[in-house]
Amino acid sequence: MQELRLCTTRIAGKAAHISFSDNVFGRTSGINEHGFAITSSLGSPRSEVRVSGLTYNIVSRILLDQCASVVEAIDRLHSLPIAWYSNYLFADRSGEAAQVEIACDKVAIRRFASDEARALWATNHYTLPEMDEFILLRMKQSLKRWEFLRAHLENASLPIERPHELLSASFPEGLCVSYYLNGLGTLESMVLDLDLLTADVCFGPPNRNPWHTIAMDQPVGTTIHKATIENIPAPKGFWATAS
């Protein structure tokens, strides 16, 4: 169901950006020409959407197209009708960042000034106290990946020189998942540089494929990258929720 397409998008009147596409016009995680970046993940995979509004891929596209900072992104977010369960991390070149958790019309945000937070991380469950009503829907595998990030980022020396290595570590010890036929597998990874305005991109799981650096001024045209993917059966109870 994934398009497997990385786009460098330059449209008159909008911020140029690098991001993977979703449903052609939608976007996922990415960085724009102002040095504003977002990452997105599903916050509550088992929750049913019962309201009308925008899905995460349209929200991501709007923010990358229109926002130059974390402050602008938060203001724009509050103006949007949303019908999805999303985790976002926002960051900009000034060093400001935000953790954003969305459950349709319920939005929880924690903002961080420059140098206030050593690192932020998110997987597929909510962690802000305002979202406690969804705690029973947390999956054990999401908690395990979250704990892996906490252990490696909470007290890490700055700057973190090779975040690529964290993304390449295999589950269950790390983040890289290969259970494609069982509903979860790593298809792409990105490391975004807000100063250089570049994206280091790996097509396919990074424990099996090389990294490529994509710049904002990438020439117009299409490049095809081949990726190696090995499907591994998921262990029993992989989708189990935490007690």
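Structure first, text after, so check above.
A few points on the structure. (Residues numbered from 1 in each chain as written. Predicted model: local features only at pLDDT ≥ 70, side-chain atom pairs only at ≥ 80, totals over all residues. Heavy atoms only, no water.)

Focus on the nonpolar core
Residues F36, V59, L63, L77, Y88, F90 and V100 are the most contacted members of the largest nonpolar core, which totals 19 residues. For this core, the secondary-structure elements that each account for two or more residues are helix 1 (56-66), helix 2 (70-78), strand 5 (85-91) and strand 6 (97-103). Broken down by element, this core gets its largest block of residues, five residues, from helix 1. Among the nonpolar cores identified, the runner-up in size contains 13 residues, and A16, M190, A199 and F203 belong to it. (Core = buried A, V, L, I, M, F, W, Y, C linked by side-chain atoms within 4.5 Å. Buried < 20%, exposed > 50% of the residue type's maximum accessible area, 1.4 Å probe, protein only. Helix = DSSP H or I, 4+ residues; strand = E, 2+ residues; numbered from the N terminus.)

Some words on the sheet that holds strand 10 (residues 188-193)
Here three strands make up an open sheet; going across it, the order is 10-11-12 and the pairing antiparallel. In this open sheet, the two edge strands, each paired with only one partner strand, are strand 10 and strand 12 (211-215). Across this sheet, the average inter-strand angle for adjacent strands is 25 degrees, counted without regard to direction. Bridging between strand 11 (residues 198-203) and strand 12 involves five bridges; their strand directions are antiparallel. (Pairing = 2+ DSSP bridges. Axes fitted to C-alpha atoms, helices over the stretch in contact; angles between N-to-C directions.)

A look at the packing of aromatic side chains
Within the structure shown, the criterion is met by 11 aromatic pairs. Plain terms: the ring middles of Y85 and F134 are 5.9 Å apart, the flat faces sit at 70 degrees to each other, and that makes the pair edge-to-face. One end of the pair, Y85, is in strand 5; the other, F134, is in the loop between strand 7 (106-112) and helix 3 (140-153), and 49 residues separate them in sequence. Look at Y85 and you get buried, because its relative accessible area is 10%. Judged by relative accessible area, which is 14%, F134 ranks as buried. Ring geometry for F238 and W239: centres 5.2 Å apart, planes at 80 degrees, overall edge-to-face. Relative accessible area serves as the criterion here: at 30%, W239 is assigned to the partly exposed category. Put simply, the rings of F171, Y179, F238 and W239 touch in pairs and so form one group of aromatic residues. (Phe/Tyr/Trp six-rings, centres within 6.5 Å; stacked < 30°, edge-to-face > 60°.)

Focus on helix 1
Where burial is concerned, most of helix 1 is hidden: nine out of the 11 residues are buried. Of the residues making up helix 1, those classed as buried are Y56, N57, V59, S60, R61, I62, L63, L64 and D65. Here the buried face of helix 1 lies against strand 1 (6-9), strand 2 (17-22), strand 3 (26-32), strand 4 (37-42), helix 2 and strand 5. (Contact = heavy atoms within 4.5 Å.)

A word on the layout of surface pockets
To find leftover empty space, one rolls a probe the size of a water molecule over the atoms. Taken as a whole, the second largest pocket encloses approximately 690 Å³ of empty space. Taken together, 24 residues form the lining of the second largest pocket, with R5, L6, C7, F203 and T223 sitting closest to its centre. Here the element with the most residues in the lining of the second largest pocket is strand 1; it accounts for four residues. (1 Å grid on protein atoms, 1.4 Å probe; cavity = no way out; pocket = protein on both sides within 12 Å on 5 of 7 lines; lining within 4 Å. Points joined across faces, edges and corners; volume = space filled by probe spheres on them.)

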